[in-house]
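# Structure assessment
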Amino acid sequence: MRPPIDSGTILITGASSGIGRELALQLARRARTLVLVARRLERLEALRDELLLLNPTLGVVVEQCDLANPDSVDALLESLRENLVRVDVLVNNAGLGDYSLYEQESWSRIHQMLQVNVMAPVLLTHRLLRHMVERKRGGILNISSGGARVFLPGLAVYAGTKRFVDGFTESLRLEVFGSGVVVTQVAPGPVETEFSELAGTEELDGQAPSWLRISAARCAREALAGFENAEALVYPGLAYRWMMRLSSLVPRPVMRVAGFVAARRLYRGTSLLEPAHPDPGQRALLAGAPEGL
Ligand SMILES: NC(=O)c1ccc[n+]([C@@H]2O[C@H](COP(=O)([O-])OP(=O)(O)OC[C@H]3O[C@@H](n4cnc5c(N)ncnc54)[C@H](OP(=O)(O)O)[C@@H]3O)[C@@H](O)[C@H]2O)c1
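What counts, and where the lines are drawn
- Residues numbered from 1 in each chain as written.
- Predicted model: local features only at pLDDT ≥ 70, side-chain atom pairs only at ≥ 80, totals over all residues.
- Heavy atoms only, no water.
- Helix = DSSP H or I, 4+ residues; strand = E, 2+ residues; numbered from the N terminus.
- Rg over C-alpha atoms; globule rule 2.2 N^0.38 Å.
- Buried < 20%, exposed > 50% of the residue type's maximum accessible area, 1.4 Å probe, protein only.
- Contact = heavy atoms within 4.5 Å.
- Areas by Shrake-Rupley, 256 points an atom, 1.4 Å probe, with all protein chains shown as cover.
- Lys, Arg positive; Asp, Glu negative; His and termini not counted.
- Charge placed at Lys NZ, Arg CZ, Asp CG, Glu CD.
- Near = heavy atom within 4 Å.
- Polar contact = N/O pair within 3.5 Å; in protein donor to acceptor, adjacent residues only side chain to side chain.
- Domains from an automatic or database assignment.
- Axes fitted to C-alpha atoms, helices over the stretch in contact; angles between N-to-C directions.
- Parallel < 35°, antiparallel > 145°, perpendicular 65-115°, else oblique.
- Left-handed = near helix turned anticlockwise from the far one by under 90°.
- Nonpolar A, V, L, I, M, F, W, Y, C, P; charged D, E, K, R; others polar.
- pLDDT = per-residue confidence, 0-100.
- Phe/Tyr/Trp six-rings, centres within 6.5 Å; stacked < 30°, edge-to-face > 60°.
- Lys NZ or Arg CZ within 6 Å of the ring centre and 35° of its normal.
- Salt bridge = Lys/Arg side-chain N within 4 Å of Asp/Glu carboxyl O.

Let's shift gears to the overall build of the protein chain. When its secondary structure is counted, the protein chain shows 11 helices and 9 strands. For 293 residues, the compact-globule estimate of 2.2 N^0.38 gives 19 Å, and the C-alpha radius of gyration of the protein chain, at 20 Å, lies within 12% of that figure. Its C-alpha atoms put the protein chain at 60 × 35 × 30 Å along the principal axes. Burial analysis of the protein chain (293 residues in total) assigns 51% to the buried set. The long-range fraction of contacts in the protein chain, counting pairs at least 24 apart against all pairs at least 6 apart in sequence, stands at 72%. Counting only carbon and sulfur atoms, one obtains 56% of the accessible surface of the protein chain, whose full area is about 14000 Å². Between the centroid of the 32 positive side chains of the protein chain and the centroid of its 32 negative side chains there is a distance of 7 Å.

The structure is reproduced here in structure tokens:
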């Protein structure tokens, strides 16, 4: 079973940048219609022009939408209904992170992460999946993160939201098995996009070895290949894929200690562990005592 990419209508959230933009470019010559969703309208319009140069017969629908606002998501769905846009494939790609100790994180940022990373994909899937099941053809491609599978201080909310996407996608995949709808999760590692700059994880990501980092184009290519093969979980990038496969064999208590050790190494010299953040987690890390882990 393959998702209806060729000549299908594909909605991509977060199409204005990074992985979402690359997915749109790589789908331009195959899809019938692409629905591009994000907040930055000028970027979406510029992308539409680029896509039409690649394929002048492609239908491109630009939908400016703040996924953190449920009313805006409802307006998006209403606009699709009014314009008789029938979505064959939904790509839940938009997402944001924030590198901060939880107690110091602003509630508005936490709320935004929960809305964009969790509520919007769940709502869009709820509204669009039933029509795919009725038609016995469709696809849901959810972008989670390898960050959900490791334990690192400073990324509690982000990791939590992506763990939700993991559980949601795996269970949903089993629910619709045999219905004609393909459900795939992509869990990238470090990808060169605007993500780290916006999440404040540049320092952190800069310490990840270069052999783990991949381009957004490669991430999109491997994501689409895995989706077309109806794979359950895609780890884009060869070295990263093997690292994640091996890490899934590691018992959870060992993962905790590994997270502790990695955090000490990763966060040394970064702003998260500066004295301006005298929180208990920081003190434990600096003291080097894995007591109670
Ligand atoms: N890059 C990495 O290293 C990495 C690693 C693992 C997982 N991921 C995941 O990959 C996905 C794509 O991220 P990326 O790396 O491509 O990052 P990116 O370049 O920052 O792109 C994020 C996209 O999400 C959209 N977005 C953010 N907030 C939104 C909102 N409130 N409403 C509508 N759209 C919103 C942005 O569009 P606007 O700002 O125009 O709204 C943008 O198009 C995310 O789910 C991320 O968690 C990335």
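What follows picks up the thread again.
Near the ligand there are 30 residues, and of these Ser-17, Arg-39, Asn-93, Tyr-158 and Thr-193 occur at the shortest range. Between Arg-40 and the ligand, the recorded distance is 2.8 Å, taken from a side-chain N or O atom to an oxygen atom. Between the ligand and Thr-193 there is a distance of 2.6 Å, counted from an oxygen atom to a side-chain nitrogen or oxygen. Protein burial of the ligand: of its 880 Å² of free accessible surface, 97% is covered by the chains.

A separate point is the domain arrangement of the protein chain. Domain annotation for the protein chain reports domain 1 (9–249) and domain 2 (250–293). Distance between the C-alpha centres of domain 1 and domain 2: 30 Å.

The next point concerns the packing of helix α1 (residues 18–27) against helix α2 (residues 41–54). Between α1 and α2, whose axes approach to 9 Å, the crossing angle comes to 25°. In terms of axis orientation, α1 runs roughly parallel to α2. Between α1 and α2 the crossing geometry is right-handed. Between α1 and α2, the residues in contact are Arg-21, Ala-24 and Leu-25 and Leu-47, Glu-50, Leu-51 and Leu-54, respectively. Of the residues that constitute the contact of α1 with α2, the class distribution is 5 nonpolar, no polar and 2 charged.

Positionally, Asn-92 belongs in strand β4 (residues 89–92). A polar atom in the side chain of Asn-92 sits 3.3 Å from the side chain of Thr-125.

Two elements in contact, α1 and helix α8 (residues 216–228), have axes separated by 8 Å at closest approach and are oriented at 60°. Relative to α8, the element α1 lies oblique. Read as a crossing pair, α1 and α8 show a hand that is right-handed. Between α1 and α8, the contacting residues are Gly-18, Ile-19, Glu-22, Leu-23, Gln-26 and Leu-27 on the first element and Ala-216, Ala-217, Cys-219, Ala-220, Arg-221 and Leu-224 on the second.

On average, residues of the protein chain carry a pLDDT of 90, and 90% of them reach 70 or more. Confidence over residues 275–280 falls short of pLDDT 50; this stretch has 11 contacts with residues more than four positions distant or in other chains.

Let us now look at the packing of aromatic side chains. Counted by the stated rule, this structure contains 3 aromatic pairs. Taken together, a centroid distance of 5.3 Å and an interplanar angle of 50° make the contact between Tyr-158 and Phe-195 tilted. Separated by 37 residues along the polypeptide, Tyr-158 in helix α5 (residues 156–175) and Phe-195 in helix α6 (residues 195–199) bring together distant segments of the chain. Directly above the ring of Trp-242 sits Arg-245, whose terminal nitrogen or CZ lies 4.8 Å from the centroid.

Turning our eyes to something else, we now look at the pattern of salt bridges. Throughout the structure, instances matching the rule amount to 14 salt bridges. Residues Asp-88 and Arg-86 are paired through a salt bridge, measuring 3.9 Å at the closest nitrogen-oxygen approach. Judged by its relative accessible area of 0%, Asp-88 is buried. Under the relative-accessibility criterion, Arg-86 is labelled partly exposed at 43%. With a closest N to O distance of 3.7 Å, Asp-98 and Arg-109 form a salt bridge. With a gap of 11 residues between them, Asp-98 in the loop between β4 and α4 (107–135) and Arg-109 in helix α4 connect regions that are remote in the sequence. Judged by its relative accessible area of 16%, Asp-98 falls in the buried class. Here the salt bridges share partners, and the residues they tie into one network are Arg-2, Asp-6, Arg-30 and Glu-228.

A word on the environment of Ser-210. Among the structural elements, Ser-210 can be located in the loop between α7 (202–206) and β8 (214–215). Separated by 144 residues in the primary sequence, Ser-210 and Asp-66 have C-alpha atoms spaced 33 Å apart.

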